[in-house]
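Per-entry structural report
One-letter residues, chain by chain:
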Amino acid sequence: MIEQFKNIEKNRHDYAKNWKKKNKGKVLGYFCTYVPEEILYAAGVLPVRVLGSHEPQDVTEPHIFGMFCPFCRDCLAQGLKNRYKYLDGLMIAQSCLHIRQAYTSWIKHRPVEFEKFLCMPHKVQSPHAYEYLTEEYKVFKKEVEKWTSKKITDKDLDRSIKTYNENRRLMRKLYDLRKRDKPPLTGEEVMEIIMAMQMSDKAEHNKMLKELLPKLEKYTPDRETGRRLMILGSEDDDTVFMNMVENCGATFVIDDHCTGSRYFWNEVENNGKDKLASIASRYVDRIPCPSKDWEERKRIPHILKLCKDWKVDGVIIMQQKFCDPHELDFVAIKKALEDADIPTLFLEFDVTVPIGQFKIRVEAFLEMIGEEDLF
Amino acid sequence: MTTEDKYPTEKLKCWNEAKEIRLKFYQDYAEAHDKGGLRWAGGAWTFDAIPAGLGDDVYPITSEPYSATIAFDKELSLECMEATEVKGYPRDLCAYMRNYWGSIITDKFAFGYKDGKFAPRFTGAKPIGFPKPDFIWQDHICCSHAKWYQVVSDLEGGIPMYSVDNSVGPSNELTDSKIKYVVEQLKDGIKFLEKTTGRDYDDELMYKAIRNHFVSTSKWAEICELNKAIPAPLDEKSIYSLYVLGTLQKAGKQVADYYEKVLLPEVKDRVKRGIAAVPNERVRVMSDTQPPWSFLSIFRYLEKFGCISIGSLYTFGLIGQWEVKKDGTWGAKTIPDVEFSSRDQALYEYVKYELHKPEWQHFYSCHLKSDMMIRIAKEWKLDGVMLHYNRGCEGLSVGIAENRLALLDAGFPVMAFEGNNADEREFDEARTKAKINAFMETLGVK
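As the structure is a prediction and not an experimental result, all values here were calculated from the model. (Residues numbered from 1 in each chain as written. Chains lettered and ligands numbered in written order. Predicted model: local features only at pLDDT ≥ 70, side-chain atom pairs only at ≥ 80, totals over all residues. Heavy atoms only, no water.)

Re the interface of chain A and chain B
For the record, the criterion: Contact between two residues is taken to exist if any of their heavy atoms lie within 4.5 Å; hydrogens are not considered. Note on terms: buried area is the combined drop in 1.4 Å-probe accessible area of two parts once they are placed together, counting the loss on both. Salt bridges are defined as contacts in which a side-chain nitrogen from Lys or Arg sits within 4 Å of a carboxyl oxygen from Asp or Glu. Nitrogen and oxygen atoms within 3.5 Å of one another constitute a polar contact, given that in protein one can donate a hydrogen and the other can accept it, and given that sequence-neighbouring residues count only through two side-chain atoms. Elements are defined by DSSP. Helices are runs of H or I of four residues or more, strands are runs of E of two residues or more, and each kind is numbered from the N terminus.
Taken residue by residue, the interface counts 45 residues in chain A and 52 residues in chain B. Buried area between chain A and chain B, summed over both chains or domains, comes out near 3900 Å², and the portion from carbon and sulfur atoms is 60%. Linking chain A with chain B are three salt bridges. In this structure, Asp154 of chain B and Arg297 of chain A form a salt bridge, with 2.7 Å as the shortest nitrogen-oxygen distance. Counting the contacts that link chain A with chain B gives 20 residue pairs in polar contact (both at pLDDT 80 or more). Looking at the side of chain A that touches chain B, the elements that each hand over two or more residues are α5 (97-109), α6 (129-148), α14 (324-327) and α15 (330-339) of chain A. For the side of chain A that touches chain B, the leading source of residues is α5 of chain A, giving eight residues.

Right under this line is the structure:
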């Protein structure tokens, strides 16, 4: 049912090149989901998220010190290996230090036509973040207009916001279906859909979702759901891991990842202000990345609510090795989950994961969750 | 291996005064409550002129230098690291942070009393418990900064916390909106301080503290600038003990006075009289990021080859403020010639000045840091660079590999050595010395 999404994900470069040819537009690669795609899309630019390839590589050692996360090195490797040669622009919104290095090295060694480091505020809990980010967007909008030689009108922004919001709404619908006792999709399949979402034209993704959702509504899978799991943590597009876990008698029914629900959970709401201010509010108010989740830890109540609403039996907390922002949160998250009687398993990911070892740990975890059924 | 002396040398006369200021800083913090005062905790980069407006009896402890103090006390540091790991925190996190948390978890302060006198634990003093701060006043530019204190607050059972987001982009792209974003946060912060402490805020005290800040940061840069001289009047191992005052309390009068009225005149005099820090100076290098604090002896090892480390962007620009002078060279930032007439205006000047901090620029682009490093290498007449690939600090190691490439491209030999500023388990002294041997040979001074 999800082949078309998988095709985009697996052939992401061909997709972008074809889009470019067909639409005579520009393609911009971005590194972090705090990039306001709506502004780019309004200018007729296709934003595509740069992800790694999960292949061991040896090209980034001279560029990024080995104590930084494997994901940022995997992303940079894609650039250095010229797999994204078709990109016209490259951009990052301020988030963690790790991924920033992929951006700064890339623009130096593989220059692009348009580059942008957007100063997304860290203190999203400050009331002043809205106005500040709106001002940053005004500058960014002008830069994009100059780059594309196209004036971005309010109408363009409206159209873009509408398309992006529709995409988010459809994804929320899809996620709601996972609340069922027998979720119609596995976590691995949902991961494919979200990856495709980050690499494709949202209008096209909407069309595909609109075709998929009615089918899913009527669909009851043959497979046993098993234990209902949540996965949360750093960037995660490791479908091999998801597949392994879901073949051990479990289904991922919900996640808290920037490559998952955090990417689309919140919509741009028309707050009566101008369009850019509305977009800024969306990015300030969205479910935060841990690097921005302070002074209060707002992610914790959100995670607990997801666990409750999706009837989660256990949580796998994963993180990219050396991912400081998540390392600074997971102790508190683990405690909150355990205080709520939700068992957790912590796993550290690299570009490739030791699937055999992880399988043993996952099986033990699932057995532990199922203890009460045994006795 | 030891080479012949070429220059006269002598000890710094003001050395002990620096040590006294440092010890008094920790004593004031520890004993603040005994005198009815307040204690607060925050990072070395925090806007410390703001809590100064609460009164003259409000004493800070800054996290990084305190954690470096623990690192120097190897036994205590190991205890702290292990206590932090037992609580579940990964050992690849910021090593300063782990020392600091460990000091709270074990309830052991790095200072105590020996024969009734306040003294560091490693001198044999009986340590006191970690003095809990009354509030947290932090800033955030590195991923770990505000998060550091989130955990401190967790560990202490909740401490009122305020953190300012100062990550608004490089100084060459500053706008009114960026400055105002930080200013507005500081204004909210003042309200937080009043509410938390129940004290009225005194703008005049804040104005004085901002002035001190201007003096400390500008005069420190002026002192470092003097190290362009051959022979260099200061070596980096000594610089570590001097720059630290700025990391303790850059808005403090004692620090501003020491830099302006004590240290600067003495270093000027050394230059005038040709007094060398390293009498056999033959080659000049700089380092980068924090050193491995337990192994500062590597800097003395360099001297055996007649090699002096004249400082680094880290020691120059962590606290020091710089600007490009008319002749195109780097010099101390001019102290703003403004009278403070209102809270808003004073905060605006303070923020506008502080956002130029050299050590904040690489958070946006490692290439900005490379440019500054190449500038130092040229203007301070260096023969090579030693880069500490520091596993203990992601904030200052970010982009370091690109810095290495840029320095090499600019024609400067680079030696990279891996280590950890505050976790001695991750530093291999013998291997580093072997690397130094090879590097010295490259520089022609074996």
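Re the packing of helix α7 (residues 203-225) of chain B against helix α12 (residues 343-354) of chain B
Residue and element names in this part refer to chain B. Our working rule: Helix axes are fitted to C-alpha atoms over the stretch in contact, other axes to C-alpha atoms as well, and angles between N-to-C directions run from 0 to 180 degrees. Roughly parallel covers angles under 35 degrees, roughly antiparallel covers those over 145, roughly perpendicular covers 65 to 115, and oblique covers all other angles. Helix crossings are classified by the rotation of the near helix relative to the far one: an anticlockwise turn of less than a right angle makes the crossing left-handed, while a clockwise turn makes it right-handed. Under the convention adopted here, Pro, Cys and the residues Ala, Val, Leu, Ile, Met, Phe, Trp and Tyr are nonpolar, Asp, Glu, Lys and Arg are charged, and Gly plus all remaining residues are polar.
Here α7 crosses α12 at 20°, and the two axes come no closer than 11 Å. One way to sum up the angle between α7 and α12 is to call them roughly parallel. Seen from above, α7 lies across α12 with left-handed handedness. Contacts between α7 and α12 involve Asp203, Met206, Tyr207, Ile210, His213, Phe214, Thr217 and Ser218 from the former and Arg343, Ala346, Leu347, Glu349, Tyr350, Tyr353 and Glu354 from the latter. Tallied by class, the residues present in the contact of α7 with α12 amount to eight nonpolar, three polar and four charged.

Notes on the sheet that holds strand β2 (residues 58-62) of chain B
Residue and element names in this part refer to chain B. For the record, the criterion: Any two strands with at least two DSSP bridges between them are considered paired.
Overall, parallel pairing links the four strands, which are arranged β2-β1-β6-β7 in an open sheet. Strand pairing shows two members of the sheet lacking a second neighbour, β2 and β7 (161-165), which therefore form its edges. For this sheet, the mean angle separating the axes of adjacent strands, direction not counted, is 25°. Pairing of strand β1 (residues 38-42) with strand β6 (residues 135-140), which is carried by two bridges, proceeds in the parallel orientation. Following the sheet pairing, Ala41 is matched in β6 by Ile136.

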